[in-house]
Amino acid sequence: MKITISGSLGNIGKPLTQKLIASGHEVTVISSSADRVKMIEAAGAKAAIGSVSDAAFLQSAFEGADAVFAMTPPNMGGVNIVTNTTDAGKALAKAIAAAGVKRVVMLSSIGADLPGGNGPIAGLHNIEKLYESLENVSVTYLRAGFFYTNLYHDVPMIKGAGIIGANYPSNTTIPFVHPEDIATAVSEELLKTITGKNIRYIVSDVRTPDEVAKTLGSAIGKPDLPWIEFTDVQSLDGMKQAGLPEEIAELYTEMGSGFRNGKIAAHFLGDYSAVEGRTKLEDFAKEFAAKF
């Protein structure tokens, strides 16, 4: 098959490209950086350099593709993030229709069933709605759990204050996912012959923040590492002090609130709840310790 993927050779794109190339498929990788061309070509793929907000560029990258993996970059632009994400979705949808693509796998998220109260995930909700209007295109909304790799952002807190935490309590139920497991699910979905619009959740483990603190703490030699629940104000101020732009900090605070009230995970836990990923928290803890 001819497959075009967006997301460059990141945490998902790199293993996905490797899996598809190894299976004999012809892969085009979209990247915004010309510096990635040699790396993409070294992986055995073709590079398409441009912006996911440029519908004309995307159409050219999608021409002749049997399937497309559509992924929008996180935190697009630093300001107007939800709007920018939605606009990229509009460009992707326009290009998919114009190029005549028949099979699309979109990277979405738990909580994308919600129009708001979910921080940056609101942009993915909007894109899902845009893709619903695509005619004669089969789409899988691949709703991923909370990335394990987001926990790397807590390293300075662990090293500096000896704690880990967020604005939700230690007994919150959090569906987690590893990028490798997302890549596996994407590769499976791209090769499927199905019709209509479909939802698939990809989750590697369902754990609590208390278990995260204990498991990561044990892996890094800090078995008593505590999970601390911050207020929304403390969480917002802490992220801003750490250098995050205010809008991003506000969106992450809202997302934390969505975990705290249970709304972000509710649809997965209530109607789906299948844990298909292979990488458990204990497995990720080894990776975390190696980079800590």
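In the annotation of an unreviewed UniProt entry, the protein chain is listed under the name NAD(P)H-binding protein and assigned to Flavobacterium lipolyticum.

### Re the packing of helix α1 (residues 13–22) against helix α7 (residues 179–190)
As a packed pair, α1 and α7 sit with axes 8 Å apart at the nearest point and diverge in direction by 40°. Comparing their axes, α7 and α1 come out oblique. For the pair α1 and α7, the crossing hand works out as right-handed. Of the residues in α7, those in contact with Pro-15, Leu-16, Lys-19 and Leu-20 of α1 are Glu-180, Ala-183, Thr-184, Val-186, Ser-187 and Leu-190. Here the contact of α1 with α7 is built from residues that sort into 6 nonpolar, 2 polar and 2 charged.

### A look at the pattern of salt bridges
Applying the stated rule across the entire model yields 14 salt bridges. With a shortest N-O distance of 2.8 Å, Glu-189 and Lys-192 are connected by a salt bridge. By relative accessible area, Glu-189 is classed as buried at 3%. The class of Lys-192 is partly exposed, set by a relative accessible area of 37%. The partner of Arg-207 in a salt bridge is Glu-211, with the nearest N and O atoms 3.3 Å apart. Accessibility expressed as a relative area gives 14% for Arg-207, which makes it buried. The class for Glu-211 is partly exposed, based on a relative accessible area of 30%.

### As for the pairing of strand β2 (residues 26–31)
With 5 of its 6 residues buried, β2 lies for the most part within the structure. In this fold, strand β1 (residues 2–5) hands off to α1, which returns the chain to β2; that crossover is right-handed. Pairing analysis gives 4 bridges linking β2 to strand β3 (residues 46–49), with the strands arranged parallel. Residue pairing across strands places Ile-30 opposite Ala-48, the latter belonging to β3. As a crossover connection, the stretch from β2 through helix α2 (residues 37–42) into β3 is right-handed.

Analysis parameters
- The written sequence of each chain sets the order in which its residues are numbered from 1.
- Reporting of local features is limited, given that this is a predicted model, to residues whose pLDDT is at least 70; pairs of side-chain atoms are given and counted only at 80 or more, and all residues count toward the totals for whole chains, interfaces and linings.
- Water and hydrogen atoms play no part in the side-chain values, which are based on all heavy atoms of the structure.
- Only the contacting stretch of a helix is used when fitting its axis, a line to C-alpha atoms as for every element, and angles between N-to-C directions run 0 to 180 degrees.
- Helix and strand assignments follow DSSP, with helices taken as H or I runs no shorter than four residues and strands as E runs no shorter than two, numbered in order from the N terminus.
- Throughout this description, any angle smaller than 35 degrees is read as roughly parallel, any larger than 145 degrees as roughly antiparallel, any in the 65 to 115 degree range as roughly perpendicular, and the remainder as oblique.
- Two helices cross in a left-handed way if the nearer one is turned anticlockwise from the farther one by less than a right angle. They cross in a right-handed way if the turn is clockwise.
- The contact criterion used is simple: two residues touch if any of their non-hydrogen atoms lie within 4.5 Å.
- Put simply, Ala, Val, Leu, Ile, Met, Phe, Trp, Tyr, Cys and Pro go in the nonpolar bin, Asp, Glu, Lys and Arg in the charged bin, and everything else, Gly too, in the polar bin.
- Basic side-chain nitrogens of Lys or Arg form a salt bridge, by our definition, when they fall within 4 Å of a carboxyl oxygen of Asp or Glu.
- Whether a residue is buried, partly exposed or exposed follows from its accessible area with a 1.4 Å probe, protein chains only, as a fraction of its type maximum: under 20%, in between, or over 50%, in that order.
- Whether a crossover is right-handed depends on one test, that the path from the first strand over the helix to the second runs clockwise when the strands point away from the viewer.
- At least two bridges found by DSSP between two strands are what make those strands a pair.

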